[in-house]
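# Structural characterization, general
One letter stands for each residue in the lines below.
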Amino acid sequence: MEARADRLAAAVAKRRLDCLLVTDLVNVRYLTGFGGTNGACVCGADARVFLTDFRYTERAEAEVEGWEVITAKDDWLGEIAAHLSGRAGFEDDKMAVRTLRKLEGKLADGVGLEGAGGTVEKLRRVKDEAELAAIAAASELADEIWRWSLERGLAGRSEVDVAAAAEARMREQGAEPSFPAIVAAGPNGALPHAEPGERTIGFGELVVFDMGAKLDGYCSDGTRTFATGEPGERAREVYEVVRSAQEAALGAVQAGATGESVDTVARDPIAAAGYGERFGHGLGHGVGLEVHEEPRLSQRSEDVLRAGEVVTVEPGVYLPGELGVRIEDLVVVTPEGCRNLSGLPKDLQLVD
């Protein structure tokens, strides 16, 4: 954790700030290891202060290392203000305007607040070995849940039953879903973020199954599209277009590649097959303490990939009223390519 604080202090100095107030709890956890629901920290060249309230004093003393732990008494914002000095950055993309106004009213003379949102998130992009191991473990667990789900079968069950059973199994294994599982069969598969419903999964349908685990604070994310028996020539054609595009995009992921260029590698063959208008979302996103982080793989992305980042690669084709196909892997960016954390096969699997 001290190395992360050192990196943040250097970033704060580069922005010509005297300190940075971090209030987003995910960022607080990244910097300090604190997992409670009320905490903040102030970091700068001469400041490494973590603040919480009485409820979490003992927990903070056990979890937080390398920071001075302070328990705020009665005035939470006043205690924070007392530890800010000079040009103090704050997470303007996270803090409510009302909270900001109250905090400003408690600042000492000569202290000013400046927006510095995204500073910690940029540090979080590149994962260390411990983080990579945690994400890999979460991805492996999700793979196990998929295999377990397929053994129980899909056809004849409702979408919501399949999703709920998978999430319950995940909790039995000591994890939490990193997001609500998506199980979308037949025409529902054409909804990229479909919510599982009471619809019974039929035979000869495609089923989009999107799921992730959260283990030891770190997330995974992946998608497979299965078939409940022979789905027909049209479905197989669309599936192969997406599978081929996804494989091509995986081959384009490496340090130095841009998020836009990798997206294009997947998007161009889908468009050439006549389905360009049916791939309406970006190719992927970063994953870590949150299931959606920087960097982004899309036509609007200005990100340049760096070794140690973890991103999804998830092209899809969605035909309204008919079917959908999405195939998603979770990969670690390396200097010369990527390391795939997703272990399930990608040939179309026919499931009972």
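A quick note: this is a predicted structure, and the numbers were derived from the prediction, not measured.

Turning next to the packing of aromatic side chains. Tallied over the full model, the rule gives three aromatic pairs. Arranged with centres 5.6 Å apart and planes meeting at 85°, the rings of F34 and Y56 form a pair that is edge-to-face. Of the two residues, F34 is situated in the loop between α2 (25-32) and β2 (40-44) and Y56 in the loop between β3 (47-52) and α3 (57-63); the sequence distance between them amounts to 22 residues. Take F34 and Y56: they sit in the same class, and that class is buried. Ring-pair connections join several aromatic residues into one group, and the members of that group are F34, F50 and Y56. Over the face of the ring belonging to F279 we find R267, whose NZ or CZ atom lies 4.0 Å from the ring centre.

The next subject is the sheet that holds strand β5 (residues 87-90). The strand order across the open sheet built from six strands is β4-β3-β2-β1-β5-β6, with neighbouring strands paired in mixed fashion. Both outer strands of the open sheet, β4 (68-71) and β6 (112-115), are each paired with one neighbouring strand and no more. Shown here is a sheet whose adjacent strand axes are inclined to one another by a mean of 25°, direction ignored. One ladder, built from four bridges, connects β3 with β4; its direction is parallel. If you follow F50 over to β4, its bridge partner there is V69. The strands touched by α2 are β1 (19-22), β2 and β3; relative to β2, the strand with the most contacts, the crossing angle is about 60°.

What counts as what
Residues numbered from 1 in each chain as written. Predicted model: local features only at pLDDT ≥ 70, side-chain atom pairs only at ≥ 80, totals over all residues. Heavy atoms only, no water. Phe/Tyr/Trp six-rings, centres within 6.5 Å; stacked < 30°, edge-to-face > 60°. Helix = DSSP H or I, 4+ residues; strand = E, 2+ residues; numbered from the N terminus. Buried < 20%, exposed > 50% of the residue type's maximum accessible area, 1.4 Å probe, protein only. Lys NZ or Arg CZ within 6 Å of the ring centre and 35° of its normal. Pairing = 2+ DSSP bridges. Axes fitted to C-alpha atoms, helices over the stretch in contact; angles between N-to-C directions. Contact = heavy atoms within 4.5 Å.

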